[in-house]
Amino acid sequence: MNITLDLHSENNMTHFEQDIMKIDNVISCHNISERYDYMLQLVVKDMDDFHNVSMMKVRVIGNIKKMNTSFSIREIKPFKGFPIK
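As the structure is a computational prediction, the values presented were derived from the model and not from experiment. (Residues numbered from 1 in each chain as written. Predicted model: local features only at pLDDT ≥ 70, side-chain atom pairs only at ≥ 80, totals over all residues. Heavy atoms only, no water.)

As a further point, take the nonpolar core. Grouped together as the largest cluster of nonpolar side chains are 16 residues, with contacts concentrated most on Met1, Ile3, Phe16, Ile20, Leu40 and Val58. Among the secondary structure elements, those contributing two or more residues to this core are strand E1 (2-5), helix H1 (10-20), strand E3 (38-42), helix H2 (47-58) and strand E4 (64-68). Apart from the residues within four sequence positions on either side, valine 58 is in contact with Met1, Ile3, Ile20, Ile23, Val53, Ile64 and Met67. (Core = buried A, V, L, I, M, F, W, Y, C linked by side-chain atoms within 4.5 Å. Buried < 20%, exposed > 50% of the residue type's maximum accessible area, 1.4 Å probe, protein only. Helix = DSSP H or I, 4+ residues; strand = E, 2+ residues; numbered from the N terminus. Contact = heavy atoms within 4.5 Å.)

Given below as structure tokens:
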């Protein structure tokens, strides 16, 4: 899920980040450049659960101008760790 905030003050961004940390379904959150402000990775059991998490947990944080989602249809190459020795 990509999020664009409505207001970008340091206080508003801190509030969003603190609240997103409380949602167990959000397994990663990144502050990103360009088109969106944040990229979230969510884990849900089905589309009903996704609706609940996105609308009843994420959207209610407030100060969200836009939410954009995409879904993994199938995994081609699984993450096996970082190739750093």
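Having seen the structure, we can now continue with the description.
Reading across from one edge, E2-E3-E1-E4 is the order of the 4 strands in this open sheet, with antiparallel pairing throughout. The strands lining the two open edges of the sheet, one partner per strand, are strand E2 (26-31) and E4. Direction aside, neighbouring strands of the sheet carry axes that sit 20° apart on average. Pairing analysis gives 2 bridges linking E1 to E3, with the strands arranged antiparallel. Among the inter-strand pairings, isoleucine 3 is bridged to a residue of E3, identified as tyrosine 38. On top of the sheet, H1 reaches E1, E2, E3 and E4; it is set at about 10° to E3, its chief contact. (Pairing = 2+ DSSP bridges. Axes fitted to C-alpha atoms, helices over the stretch in contact; angles between N-to-C directions.)

With that settled, the discussion passes to the layout of surface pockets. Here the largest pocket defines a volume of roughly 300 Å³. Along the walls of the largest pocket sit Met1, Leu40, Gln41, Leu42, Val44, Met47, Phe50, Thr69, Ser70, Phe71, Ser72 and Glu75, which together make up its complete lining. When contributions to the lining of the largest pocket are tallied by element, the ones reaching two or more residues are E3 and H2. With 3 residues, E3 is the largest single contributor of residues to the lining of the largest pocket. Its residues assigned to classes, the lining of the largest pocket comprises 7 nonpolar, 4 polar and 1 charged. (1 Å grid on protein atoms, 1.4 Å probe; cavity = no way out; pocket = protein on both sides within 12 Å on 5 of 7 lines; lining within 4 Å. Points joined across faces, edges and corners; volume = space filled by probe spheres on them. Nonpolar A, V, L, I, M, F, W, Y, C, P; charged D, E, K, R; others polar.)

Position of phenylalanine 16 among the secondary structure elements: in helix H1. A relative accessible area of 1% means that phenylalanine 16 is categorised as buried. As for phenylalanine 16 and lysine 65, which are separated by 49 residues in sequence, their C-alpha atoms are 12 Å apart. Setting aside anything within four residues of it in sequence, one finds phenylalanine 16 in contact with Ile3, Leu5, Tyr38, Leu40, Ile61 and Ile64.

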